[in-house]
Structures are given as C-alpha cells and as structure tokens.
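# Secondary and tertiary structure notes
What follows is the residue order along each chain.
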Amino acid sequence: MVRLMSRTTTERARAVAARVTDPELPMLTLVDLGVLRDVEVVGDAHVVVDITPTYSGCPAMAAMRDDLVRELSGAGFDRVEVRVSLDPAWTTDWITPAGRAALAAAGISPPGPAPSHDGPIPLTLLPTARQVRCPQCDSPATELVSEFGSTACKAQYRCTACLEPFDHVKEI
Amino acid sequence: MTDHVHTTDEDEHESAYSGLLVNDAHWAFGTDFEDPLAGVDTTIPEGVDAPALAAYALMLGDDALVMSHRISEWTSNAPDLEDDIALSNIALDLLGQARLLLARAAKADASVVPDLPEGSPAPPEDALAFFREAHDFRNVRFAELANGDFADATVRVLLFSIWRLATFERLRSSRDHVLAAVAAKGVKELAYHRDYAARWFVTLAQGTEESRRRLVAALDALWPLWPELFDTHAVEAAAAAAGVGVDPASVREAAEATLDQVLAAADVPRSEAPRRAGVLGRTGRDGMHGEPLSRMLAEMQSVARAHPRGQW
C-alpha cells in the first residue's frame, strides 16, 4: 500500500516536472530537451530532480531550477531538491521527436545526429556539412552564416530560396 | 523626492522596461545562484591528495576564467555582429567551465577560498574569482595578455583551444568524476571554438595582403608564450601521477600536429619568435603574472569587492 502510494506520488511529481519549459526555447519542455534526467520522491513531500546542463555556461540552468522548484512547490511538494547531473554530458541526440517537431514548428531547425566525441576530435576547416532545410519554406538551399547564434546551443543559417534567416540547434 | 516623472499607471504600461520586472525568474541575472555541483559526486578519489587536486582544478579554472574575460572584452567590439556573438558565446562556454572547476577546487579544499565579510552571499567559486589577488591566480600567462586586433583574437582563440582541447580529450578519463565530466562536456564546446578560429585563421591568411600581415603579426606576438602551455608544473605532475590530471608535456605532440594542419592550410610558416622566459624561473602557474592581469582583475573584481554583501 505504501509502495503503491509512493509510486503514484512519483508519477505525479514527474508529470509536474515534465510541464516545465526551457526559458530560452519555450516551445520545449525540459523532457523534450532531454535535460530532465530523473524525478524521484524520496520522502514525505520531498522530491529530488536531476537536470543536466546543455552547455557549461548555459545561463538558463538557474531559471530552469527556479521554475522546477516553483512548479513542484505549487503542486504540494514541500521540499524540492534540484541536483546537477554532469555525467553523461548532454547531447542533442536526447532531444525527443516531439521536441524536434516543436522546434521546427517554431521556425528553428532541429539538430541532426551528434558527432562522436570518443577519440581525438578531428579539425574541420570547412563549414560543418549539414542537411539543413529551411524551417519556413522547406527548401534545402540553405547556408551557414555562423556556428554561433542567439544562444549557446544554436548556429545561424539563412535560406537562399526564401532569404529568411533562421536558427539551427547545433549538434553536440 | 516628489519629482519622479514616470509614476502614473498609464506611464508604467507604456514603459518598455515594466515587463522586464514582472517575472524575474525568467532572467538568469537576478535569480539566486546555487551550488553548480549540487548532487554531483565530489568524493576525492582514493589515494588522491585533496589540496593537490584543488590546486590542479584552480589552474584549469583560472585558465578558463581569465581567457573568458579577455574574450568577453570583444562583446560589442567585434568587426561584425556574427563574430561578436561567436566570441561572446566562446567566452560564455569558458566561463561555465571556470565556474565548475573553481567550485570543484573549493569543494576539494575549502582553504583555497578567500575569507569574505560575514553575511556575504558569494558562493565559493565567486569568492575565488573576485576576491583573490593576481599572485593567487594560477592561469598560464598566455590567457591574460591584453587584446589586440581581430587577427589577434583569431590566433589567441586558436592556440588556446587547440591546447585546451588536447588536454580535455585526455582529462575525460580523469579518476576525479567532476574533472572527467567537465572535460567530457568541454571537448564538445572547445571543438567548436577551435574550428571557428581555425577557419578565420585560413580566411585571414588567404585574404588580403593586409589581413595576412596582421595575422602573421598576431602569431608572432602570441608565439613567445605558446611553449609555456606545455611546461609541467609540480602540481600538474602530481595530478597526472595520481590519475586525476594531464601532464601538459604529454599533449604537446597532438597540439602541435593540429596547429601544423592549420598553418599548412593557411600557408603560414611557424613563427620564429623566441620563447618568453619566466621571471626568475617563475611563470603563470607559479602566480607570476604581468601587468595586464592586474588591470583585468581591477576591473573585473571592482563591483564584487565594493559590495561583498551584495545580492545580485
């Protein structure tokens, strides 16, 4: 009976945490982004949440933490502990299919498969080759403007068909 | 006290700033900064000397902090918006690495953290960044050199990220969980930094006579401090021997090979500028720094030091 209760409570906490969105990509929940690693109720109204940073200096982490605490507190969890999970490091491969669809719908090109980072990382002197389609007009005629964009996780592209600039979530 | 002009409700609705004040939680600046290592396994690996681990983490953290600040000085000053954003992003990645590494140092050995006035809310990593004197910093001197032109920024980011990426590739197998995790994330970031700078290096070398002249001049200016990056300090030797750190000498070959690839693509010869000697044999890793670091810290630390109990 007690076990059943706690499982239900954990599911409820997961559902609440899963509603929290990324402050810089508000069309994505933390689940869509692959940042929410674990939610566990460990005691009476005490919930522990593990999140992983996208980039080392991502300033959105503090806001995510605050939002998780606010939402879970509002749902009746008196003690909310947000922990940082550094290992394994976040990869764009963890962005869910729903997240990718939400990005595209918002005019942001979703990432392709992340490169392997196991051995030495070879130097690339040519612009990263990506199959990026314009999120506005779906043309494959796109060009890289810069590998760095409005947030740490994005590159800047432009469509040579419709001429619109757009963001691409870069593979890491 | 009664001469405020914008006090009516109507004015507030029209103010572009009023919306910014409604929900502070959505702004990183203004939210409280909690322990960046909350929940991370910070156990000292068996057989590792905690103060030695802290000293090593400080070196890696100070390299990132000082380099980050130097690059951040380009924000709003780069030749075009894209590169302004690129350099700011690079600085931000390094600042994130610095925060984790300084927090790791403080966790391993609290005695490295300067004492702050009672009631100061500054977390240990901020205390390390803002309340130490120049001679307590352990960064390589390369990171602190005063900025030059955009060619200088290109060469600086290229050399620094080639070296740091080669180091982090090995640091991924550190026996210290935190250092290994910081390195695993860092390699992904540094690969973008290195390749960005490498492309600009080739572009400037193959651009106009003037861009090539400036690039070669920047390489000559930074070259004297390149060899120091591969010197092995006693702290680094001990960290490497304990399986938590990387001996800089061991990454020299890999780093030089990558640099040679860039130089070959750009058709730029290696510089012949002589190595800059230490001061009585002491260099950045010993806390021996040049005037540029003092000037940088004076600016970087002034607000925090003026308000040690400040809430941000």
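Only a predicted model underlies this, so the values are computations on that prediction, with no experimental measurement involved.

### Comments concerning the overall build of chain B
Scanning chain B from N- to C-terminus turns up 10 helices and 0 strands. Reading the helices (α) and strands (β) of chain B from amino to carboxyl end gives α-α-α-α-α-α-α-α-α-α. When contacts within chain B are restricted to residue pairs at least 6 apart in sequence, those whose partners lie at least 24 apart make up 78%. Only carbon and sulfur atoms are counted for the fraction: they give 55% of the accessible area of chain B, which is about 14,100 Å².

### What to know about the packing of helix α5 (residues 150–171) of chain B against helix α9 (residues 252–266) of chain B
Residue and element names in this part refer to chain B. At a minimum axis separation of 9 Å, α5 and α9 run at an interaxial angle of 145 degrees. Where α5 crosses over α9, the two elements pack in a sense that is right-handed. When α5 is examined against α9, the residues Leu 158, Leu 159, Ile 162 and Ala 166 are found in contact with a partner set consisting of Ala 255, Thr 258, Leu 259 and Val 262. In terms of residue class, the contact of α5 with α9 is built from 7 nonpolar, 1 polar and no charged.

### Things to note about the interface of chain B and chain A
Contacts between the two partners involve 45 residues from chain B, matched on the other side by 45 residues from chain A. Around 3,700 Å² of area is buried between chain B and chain A when both sides are counted, 60% of it from carbon and sulfur atoms. Across the pair B:Arg199 and A:Glu147 runs a salt bridge, and its minimum N-O distance is 3.8 Å. Inspection of the chain B/chain A interface yields 17 residue pairs in polar contact (both at pLDDT 80 or more). Those elements that provide at least two residues to the side of chain B that touches chain A are α3 (81–108), α5, α6 (177–205) and α9 of chain B. No other element matches the 15 residues that α6(B) contributes to the side of chain B that touches chain A.

### Structural notes on the sheet that holds strand β5 (residues 142–146) of chain A
Sheet strands associate in pairs through backbone hydrogen bonding, adopting either a parallel or an antiparallel arrangement. Residue and element names in this part refer to chain A. One open sheet accounts for 4 strands, arranged β4-β7-β6-β5; its pairing is mixed. A single partner strand is all that each edge strand has here, and the edge strands are β4 (108–109) and β5. Bridge count between β4 and strand β7 (residues 165–169): 2 bridges; the pairing is parallel. Bridge pairing links Ile 108 to Asp 167 in β7.

### Points about the nonpolar core
Of all hydrophobic cores here, the largest spans 131 residues; its most connected members are A:Val47, A:Ile51, A:Leu68, B:Phe201 and B:Trp226. The element best represented in this core is α6(B), accounting for 16 residues. When residues of this core are assigned to domains, at least three map to each of domain 1 (2–84) and domain 2 (96–113 + 128–169) of chain A. Non-local contacts of B:Trp226, meaning those with residues more than four positions away in its chain, are made with B:Leu159, B:Ile162, B:Trp163, B:Ala255, B:Glu256 and B:Leu259. Membership of the second largest hydrophobic core comes to 6 residues, among which are A:Val132, A:Cys134, A:Ala155 and A:Cys159.

### What to know about the pairing of strand β1 (residues 36–43) of chain A
Residues and elements named next belong to chain A. Taken together, the 6 bridges between β1 and strand β2 (residues 46–51) define a ladder with antiparallel strand orientation. Note on β2: the bridge partner recorded for Gly 43 is His 46. Counting the residues that bridge the hairpin from β1 to β2 gives 2 residues, and of these Ala 45 lies at a positive phi of roughly 55 degrees.

### Quick word on the pattern of salt bridges
Tallying each qualifying case throughout the model produces 30 salt bridges over all chains. Put simply, B:Arg70 and B:Glu73 hold a salt bridge, and the shortest N to O gap is 3.0 Å. On the accessibility criterion, B:Glu73 (29% relative accessible area) is partly exposed. Among the ionic pairs, B:Arg270 bridges to B:Glu256, the shortest N-O distance being 2.7 Å. Separated by 14 residues along the polypeptide, B:Arg270 in the loop between α9 and α10 (291–306) and B:Glu256 in helix α9 bring together distant segments of the chain. You can call B:Glu256 buried: its relative accessible area is 10%. Salt bridges sharing partners connect three or more residues here, namely A:Arg130, A:Glu147, A:Glu171 and B:Arg199.

### Details of the domain arrangement of chain A
All names here are of chain A. Each assigned domain of chain A is listed with its residue range as follows: domain 1 (2–84) and domain 2 (96–113 + 128–169). The C-alpha centroid of domain 2 is placed 28 Å from the C-alpha centroid of domain 1. Contact residues are listed per partner, giving 7 residues for domain 1 and 11 residues for domain 2. Carbon and sulfur atoms supply 75% of the area buried between domain 1 and domain 2, which totals about 770 Å² over both sides. The interface formed by domain 1 and domain 2 includes 0 salt bridges. For the interface between domain 1 and domain 2, the tally reads 1 residue pair in polar contact (both at pLDDT 80 or more). Its residues assigned to classes, the side of domain 1 that touches domain 2 comprises 5 nonpolar, no polar and 2 charged.

### Comments concerning the sheet that holds strand β3 (residues 79–84) of chain A
Residue and element names in this part refer to chain A. The strand order across the open sheet built from 3 strands is β1-β2-β3, with neighbouring strands paired in mixed fashion. The strands lining the two open edges of the sheet, one partner per strand, are β1 and β3. Going across the sheet, the axis of each strand differs from the next one's by a mean of 20 degrees, ignoring polarity. Lying on the sheet, helix α3 (residues 60–74) is in contact with β1, β2 and β3; it crosses β3 at an angle near 155 degrees.

### Considerations on the packing of aromatic side chains
Applying the stated criterion across every chain yields a total of 7 aromatic pairs over all chains. Arranged with centres 5.8 Å apart and planes meeting at 20 degrees, the rings of A:Tyr157 and A:Phe166 form a pair that is stacked. Note on A:Tyr157: relative accessible area 4%, which makes it buried. Taking relative accessible area as the criterion, A:Phe166 reaches 5% and is therefore assigned buried. Judged by centre distance (5.7 Å) and plane angle (65 degrees), the ring pair of B:Phe160 and B:Trp163 falls under edge-to-face. In this pair, B:Phe160 and B:Trp163 both sit in helix α5, 3 residues apart, roughly one turn of the helix. Each member of the pair, B:Phe160 together with B:Trp163, is buried. Lying across the ring of A:Trp94, A:Arg37 places its NZ or CZ 3.7 Å from the centre. Taking the ring centre of B:Tyr192 as reference, the NZ or CZ of A:Lys170 above it sits at 4.6 Å.

Cut-offs and rules
Residues numbered from 1 in each chain as written. Chains lettered and ligands numbered in written order. Predicted model: local features only at pLDDT ≥ 70, side-chain atom pairs only at ≥ 80, totals over all residues. Heavy atoms only, no water. Helix = DSSP H or I, 4+ residues; strand = E, 2+ residues; numbered from the N terminus. Contact = heavy atoms within 4.5 Å. Areas by Shrake-Rupley, 256 points an atom, 1.4 Å probe, with all protein chains shown as cover. Axes fitted to C-alpha atoms, helices over the stretch in contact; angles between N-to-C directions. Left-handed = near helix turned anticlockwise from the far one by under 90°. Nonpolar A, V, L, I, M, F, W, Y, C, P; charged D, E, K, R; others polar. Buried area = accessible area lost by both parts, 1.4 Å probe. Salt bridge = Lys/Arg side-chain N within 4 Å of Asp/Glu carboxyl O. Polar contact = N/O pair within 3.5 Å; in protein donor to acceptor, adjacent residues only side chain to side chain. Pairing = 2+ DSSP bridges. Core = buried A, V, L, I, M, F, W, Y, C linked by side-chain atoms within 4.5 Å. Buried < 20%, exposed > 50% of the residue type's maximum accessible area, 1.4 Å probe, protein only. Domains from an automatic or database assignment. Phe/Tyr/Trp six-rings, centres within 6.5 Å; stacked < 30°, edge-to-face > 60°. Lys NZ or Arg CZ within 6 Å of the ring centre and 35° of its normal.

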